[in-house]
Amino acid sequence: RKPNVAEASEQFGQLAKELKQQDCLQYAAFCNLAMARCEQTLFNAPGEALALTDAARLFLSSEKEIRALQAPGFDEHLQAALNCYSFAVKVYIEMNQPVMAASLCLELGNALKEMNRPGEAIVHYQRAAELQTQTPIEALLSMGEMATCKILTRDYDGALSVFTEMQLTCQERGLQLPGSSTPVGAFLDIVAKCEISRVLLLMLLEPPPQKLLPEHAQTLEKYAWESFDPHSQGPCSFMLNCFRGKRNMACQEKDTESLKSLQTELWPFLSAEQNHLLHLVVLERIAPSGQGI
């Protein structure tokens, strides 16, 4: 006779709850997977996506417990979580719910970043940004996380590309005042953040003129030649002063002291990430590695 799939799904769900209460997270996750298969058989896409998401979170929690205990393992629970998240994202995309799919990509990216796997998190932040094309602010925030992960993995050239793309997106899709091309509101804040980070990365990388992209050359020219008011306040004015003086910063005692002094002045105006980049710039000026960043 024909099996009662709906009843089986309900029983798997109940068993998953009991196992979770007993702290048997991976077994509860397997029950949620079985539940997802039942929902797929019933053509209940929302139920399937929910069961897959629950299974992914349980596998991820189990992996975190193993890491907290410093027990040996082969990342099998993490791999299972990655697969479950991937299938759940696929189901949401088929349901034409890109926002839900993007939220799962962000959730997975944040989990990997928290587990000190920023290199693996990049692809999930990138996919989240691609799924958030209808919500520019959310897409920009996802791209910002992607740039942070690239900095953590010392891919400074990649981070520079992401910040440049973010700034271009703000100028093309951001809210603007009538008759003006300047973004306003949150978009203006993101542009300011991106420009400061780009200048710091360019100072750190120091690309040769023949390899300098036009958009980067425009930024350098702007900071090198535009008029500067020494009495102006804020991070942009400090950054301008910093960049204009960089060509004369040799590794001599007085220049080293001026660099440290400038770093102290800039510190309150910059984010933690930007201060990290500035610290790297200062270290490179004081003691050049000779091998490139």
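Residues numbered from 1 in each chain as written. Predicted model: local features only at pLDDT ≥ 70, side-chain atom pairs only at ≥ 80, totals over all residues. Heavy atoms only, no water.

1. Some details on the pattern of salt bridges
Selection rule: The rule for a salt bridge is simple: a side-chain nitrogen of Lys or Arg has to be within 4 Å of a carboxyl oxygen of Asp or Glu. Here a strand is any run of E in DSSP of at least two residues, a helix any run of H or I of at least four, and the numbering for each starts at the N terminus. Burial classes: relative accessible area under 20% of the type maximum marks a residue as buried, over 50% as exposed, and values in between as partly exposed (1.4 Å probe, protein chains only).
Counting across every chain of the model gives eight salt bridges. Put simply, Arg117 and Asp75 hold a salt bridge, and the shortest N to O gap is 2.7 Å. Here Arg117 is found in the loop between helix H5 (98–114) and helix H6 (118–131), whereas its partner Asp75 is found in the loop between helix H3 (45–68) and helix H4 (76–94), with 42 residues between them in sequence. A relative accessible area of 18% places Arg117 in the buried class. If you follow the salt bridges from partner to partner, you end up with Glu63, Arg67, Asp75, Arg117 and Glu120 in one network.

2. Let's talk about helix H13 (residues 272–286)
This is how it is decided: Helix span, expected: 1.5 Å multiplied by one less than the number of residues in the helix.
Counted at 1.5 Å a residue, the expected span for H13 with its 15 residues is 21 Å, and the 21 Å between its end C-alpha atoms agrees. Those residues of H13 that sit buried are Glu273, Gln274, Asn275, Leu277, Leu278, Leu280, Val281, Val282, Glu284 and Arg285.

3. Re the environment of Leu52
For clarity, the cut-off: Between two residues, a contact is recorded if the distance between any of their heavy atoms is within 4.5 Å.
Mapping Leu52 onto the fold places it in helix H3. Overall, Leu52 belongs to the buried group, its relative accessible area being 6%. Put simply, Leu52 and Leu33 are 19 residues apart on the chain and 6.1 Å apart in space, counted from C-alpha to C-alpha. If near-sequence neighbours (up to four positions away) are discounted, Leu52 is found in contact with Leu33, Ala36, Cys84, Phe87, Ala88 and Val91.

4. Here's the deal with the packing of H3 against H4
Threshold: Helix axes are fitted to C-alpha atoms over the stretch in contact, other axes to C-alpha atoms as well, and angles between N-to-C directions run from 0 to 180 degrees. Relative orientations are named as follows: roughly parallel for angles under 35 degrees, roughly antiparallel for angles over 145 degrees, roughly perpendicular for angles from 65 to 115 degrees, and oblique for any other angle. Handedness of a helix crossing follows the sense of rotation of the near helix relative to the far helix, less than a right angle counterclockwise being left-handed and clockwise being right-handed. Here the term charged refers only to Asp, Glu, Lys and Arg, the term nonpolar to Ala, Val, Leu, Ile, Met, Phe, Trp, Tyr, Cys and Pro, and the term polar to all other amino acids, Gly among them.
Running from N to C, H3 and H4 point in directions that differ by 160°, and their axes come no closer than 8 Å. In terms of orientation, H3 lies roughly antiparallel with respect to H4. The two elements H3 and H4 meet at a crossing, and its hand is left-handed. Residues belonging to the contact of H3 with H4 are distributed by class as follows: 18 nonpolar, three polar and five charged.

5. Remarks on the confidence of the model for the chain
Here is the rule we go by: Note: pLDDT gives the predictor's confidence per residue, expressed from 0 to 100.
Here the chain shows a mean pLDDT of 87. Residues at 70 or above account for 87%. Per-element confidence in the chain is highest for H6, whose mean pLDDT is 98, and lowest for helix H11 (residues 235–244), whose mean pLDDT is 51. Scored below 50 in pLDDT, residues 225–235 shows 13 contacts in the model against residues more than four places distant or in partner chains. This stretch, residues 246–254, has a pLDDT under 50; its non-local contacts, to residues over four places away or in other chains, come to 13 contacts.

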